[in-house]
Amino acid sequence: MSDHERTFVMVKPDAFARGLVGEVVSRLEDRGLKLVGIKVENMPRERAEEHYGEHEDKPFYDDLVDFITSGPVVPMVWEGQDATRQVRQMIGETDPLEAQPGTIRGDYALDLGRNVVHAADHEDEGANEREIAIHFDDDELIDYDQHDAEWLY
Ligand code: RTP
Ligand code: MG
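Residues numbered from 1 in each chain as written. Chains lettered and ligands numbered in written order. Predicted model: local features only at pLDDT ≥ 70, side-chain atom pairs only at ≥ 80, totals over all residues. Heavy atoms only, no water.

Draft legend 1. Quick look at the pattern of salt bridges. The tally for this structure, following the rule as stated, stands at ten salt bridges. When the shortest N-O distance is used, the salt bridge between Arg114 and Asp111 registers 3.9 Å. By relative accessible area, which is 47% here, Arg114 ends up partly exposed. Measuring nitrogen to oxygen at the nearest pair gives 3.1 Å for the salt bridge that ties Asp124 to Arg130. A residue is classified by how much of its surface remains accessible, and Asp124, at 26% relative accessible area, is partly exposed. Linked by salt bridges that have partners in common, Arg6, Lys34 and Glu79 make up one network. (Salt bridge = Lys/Arg side-chain N within 4 Å of Asp/Glu carboxyl O. Buried < 20%, exposed > 50% of the residue type's maximum accessible area, 1.4 Å probe, protein only.)

Draft legend 2. Spotlight on the pairing of strand 3 (residues 74-80). With respect to burial, strand 3 is a largely interior element, seven of its seven residues being buried. Alternating residues of strand 3 divide into Val74, Met76, Trp78 and Gly80 and Pro75, Val77 and Glu79, and every residue in both groups is buried. Here strand 1 (residues 5-11) runs beside strand 3; their pairing, made up of seven bridges, is antiparallel. Following the sheet pairing, Val9 is matched in strand 3 by Met76. Pairing geometry for strand 2 (residues 34-38) and strand 3, over four bridges, is antiparallel. (Helix = DSSP H or I, 4+ residues; strand = E, 2+ residues; numbered from the N terminus. Pairing = 2+ DSSP bridges.)

Draft legend 3. Main features of the sheet that holds strand 2. Strand order across the open sheet formed by four strands is 2-3-1-4, with antiparallel pairing between neighbours. Each having just a single partner strand, strand 2 and strand 4 (117-119) make up the two edges of the open sheet. Between one strand axis and the next, the sheet turns through 25° on average, direction left out of account. Along the sheet face, helix 2 (residues 21-31) touches strand 1, strand 2, strand 3 and strand 4 and points at about 10° away from the line of strand 3. (Axes fitted to C-alpha atoms, helices over the stretch in contact; angles between N-to-C directions. Contact = heavy atoms within 4.5 Å.)

Draft legend 4. How the structure looks around the site of ligand 1. Neighbouring ligand 1 are 13 residues; Lys12, Tyr52, Thr94, Leu112 and His118 lie closest to it. Between Arg105 and ligand 1, the recorded distance is 3.1 Å, taken from a side-chain N or O atom to an oxygen atom. Leu112 is positioned with one of its backbone polar atoms (N or O) 2.7 Å from an oxygen atom of ligand 1. Relative to its unbound accessible area of 560 Å², ligand 1 is 77% covered by the protein chains. Most atoms of ligand 1, that is more than half of them, are within 2 Å of grid points of the largest pocket. Of the residues assigned to the shell around ligand 1, the class counts are five nonpolar, five polar and three charged. (Near = heavy atom within 4 Å. Polar contact = N/O pair within 3.5 Å; in protein donor to acceptor, adjacent residues only side chain to side chain. Areas by Shrake-Rupley, 256 points an atom, 1.4 Å probe, with all protein chains shown as cover. 1 Å grid on protein atoms, 1.4 Å probe; cavity = no way out; pocket = protein on both sides within 12 Å on 5 of 7 lines; lining within 4 Å. Sits in = over half its atoms within 2 Å of the grid points. Nonpolar A, V, L, I, M, F, W, Y, C, P; charged D, E, K, R; others polar.)

Draft legend 5. Expanded view of the nonpolar core. Core analysis: the largest hydrophobic core is formed by 20 residues, its most contacted members being Val24, Leu28 and Met76. Elements that contribute at least two residues to this core include exactly strand 1, helix 2, strand 3, helix 5 (83-91) and strand 4. When near neighbours in sequence (up to four residues on either side) are disregarded, Leu28 contacts Val9, Leu33, Trp78, Val87 and Met90. Formed by 15 residues, the second largest nonpolar core is a distinct cluster that contains Val36, Leu64, Val65 and Phe136. (Core = buried A, V, L, I, M, F, W, Y, C linked by side-chain atoms within 4.5 Å.)

The following block contains the structure:
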């Protein structure tokens, strides 16, 4: 367990097109997680292939890469206590049919291939480090104190 664990999260193109960026960010903020990196971009295909490299041999791989490069995404890095597991719980099961109401996928998704948000897998130990390095340069991640601003009551 680490108070400052960093985890990679990304709003997928379906959610971007539906105007759900704010909703996803808001839920993570409300939980108490700290935003340390965020951007909007069209992901280059080469980077998408690297990002989803673990699924290269799966039958859905080409569709997955097509989808994630089909429109803008919002890659983010969030920090906090047990951040990886907290976020995975908040996004819910991969298949929206299995995702509990109250989770992001359970509240906003119907389709397995358009499930709103990606988060690094907590069962894959190197996932966060690898995915953060794929999508962010070190100087794009911001260091600051979350709660000690003198104007915050
Ligand atoms: P993600 O990587 O996008 O956060 O999703 P995940 O960890 O919950 O699920 P993962 O197993 O990594 O699968 C990546 C994405 O591939 C699509 N998928 N399609 N047709 C299929 O059987 C199938 N299985 C997975 C999903 O969109 C999933 O989010
Ligand atoms: Mg995954």
